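Each chain, written out:
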Amino acid sequence: MSIISIALPVTTIKLFNRENNSIFEVQEMGKLNLKSCKEIAKAQNAVLISKDNTVKKFDINTKNLINQPQ
């Protein structure tokens, strides 16, 4: 079994839902800037509270990958 480890940037966005006064989080792949986070908040009909850019590690089992001809 062959496993590949990769590290990818992830942005965690904390949002406030005005309709039910709740706070929730959304995770997006990539290192997003503040403008992109505000656009996501608007699409969710919420208010942006904060954003946190981190790097997450993922393990991929290459046994499950399918080789497709080009």
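Refer to the structure presented above.
Residues numbered from 1 in each chain as written. Predicted model: local features only at pLDDT ≥ 70, side-chain atom pairs only at ≥ 80, totals over all residues. Heavy atoms only, no water.

Notes on helix H1 (residues 34–43)
Which entries qualify depends on this criterion: The buried label applies to any residue whose accessible area, calculated with a 1.4 Å probe on protein chains only, is under 20% of its type's maximum; exposed applies above 50%, and partly exposed to all values in between. Numbering goes from the N terminus for both helices and strands, where a helix is a DSSP run of H or I of at least four residues and a strand is a run of E of at least two. In this description, one arc is meant: the one made by directions from the helix axis to the C-beta atoms. Any two residues whose heavy atoms approach within 4.5 Å at even a single point are treated as in contact.
Taken together, the buried positions of H1 are occupied by Cys37, Ile40 and Ala41. In a view along the axis of H1, the buried residues occupy a sector of 100°, so they form one face of it. Facing away from the buried side of H1, by more than 90 degrees, are the exposed residues Lys35, Lys38, Lys42 and Ala43. For H1, the secondary structure elements touched by its buried residues are strand E1 (3–17), strand E2 (22–29) and strand E3 (47–61). Following H1 by one or two positions, Asn45 has its phi on the positive side, about 55°.

As for the nonpolar core
Operational definition: By convention a nonpolar core is built from buried Ala, Val, Leu, Ile, Met, Phe, Trp, Tyr and Cys residues, the set being connected through side-chain atoms within 4.5 Å.
Among the nonpolar cores identified, the biggest contains eight residues, and these are Ile13, Leu15, Val26, Leu32, Cys37, Ile40, Ala41 and Ala46. Element by element, the count of residues in this core is highest for H1, at three residues. Excluding its chain neighbours within four sequence positions, the residues that come into contact with Ala41 are Leu15, Ala46, Val47 and Leu48.

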